[in-house]
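# Results of the structural survey
Listed below are the residues making up each chain.
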Amino acid sequence: QVRLVESGGGLVQAGGSLRLSCAASGRTFSSAVMGWFRQAPGKEREFVAAINWSGGSTAYADSVQGRFTISRDNAKNTVYLQMNSLKPEDSAVYYCAADASGYLRRYDRAYERWGQGTQVTVSS
């Protein structure tokens, strides 16, 4: 099993940057697809980015393409989300998630394990 703990959230001005981290425990991390999702108040949870086990394949939501970068370090059991050019509409609780299937998928029900989330607030 994989346990996930996110960190790195906070308050930032529009145009600024943050880097989220997700530390994983468990032997299956290095083989899992890792994803980032977010949920703003009153909205459904939405896909942000995903990365395969090697880091060689990634996927992004259109709304963050070109601004966010997902990466992973399997030696450190950690996945990252570098967020640049942040906008107020990026404000949300950000969750990392693990999917043992090996496929890059964008829907949240595909992911078996979830972290507790970290708040990102972007002020205008």
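Structural notes, computed from the coordinates. Note that the coordinates shown come from a computational prediction; the quantities given were computed from them, not determined experimentally.

Across its full length, the protein carries 0 helices and 11 strands. Along its sequence from the N terminus, the protein presents helices and strands in the succession β-β-β-β-β-β-β-β-β-β-β. Taking 124 residues into account, the globule formula puts the C-alpha radius of gyration at 14 Å, and the protein, at 13 Å, falls close to it. Taken along its principal axes, the extent of the C-alpha atoms in the protein is 40 × 25 × 25 Å. Across the 124 residues in the protein, those meeting the buried criterion constitute 44%. Nonlocal contacts in the protein, meaning residues at least 24 apart in sequence, comprise 59% of its contacts between residues at least 6 apart. Surface accessibility of the protein: about 6,400 Å² in total, with carbon and sulfur atoms responsible for 45%.

This paragraph deals with unusual backbone geometry. With a phi close to 50°, Asn77 is a non-glycine residue in the positive phi region. The topology assignment puts Asn77 in the loop between strand 7 (68-73) and strand 8 (78-83). On the basis of relative accessible area, Asn77 is assigned to the partly exposed category, the value being 23%.

We now examine the environment of Val5. Along the chain, Val5 falls in strand 1 (residues 3-7). For Val5, a relative accessible area of 46% puts it in the partly exposed group. A C-alpha to C-alpha distance of 5.2 Å links Val5 and Ala23, two positions 18 residues apart in sequence. Beyond its immediate stretch of four places on either side in the chain, Val5 contacts Ser21, Cys22, Ala23 and Gln116.

The rules we used
- Residues numbered from 1 in each chain as written.
- Predicted model: local features only at pLDDT ≥ 70, side-chain atom pairs only at ≥ 80, totals over all residues.
- Heavy atoms only, no water.
- Helix = DSSP H or I, 4+ residues; strand = E, 2+ residues; numbered from the N terminus.
- Rg over C-alpha atoms; globule rule 2.2 N^0.38 Å.
- Buried < 20%, exposed > 50% of the residue type's maximum accessible area, 1.4 Å probe, protein only.
- Contact = heavy atoms within 4.5 Å.
- Areas by Shrake-Rupley, 256 points an atom, 1.4 Å probe, with all protein chains shown as cover.

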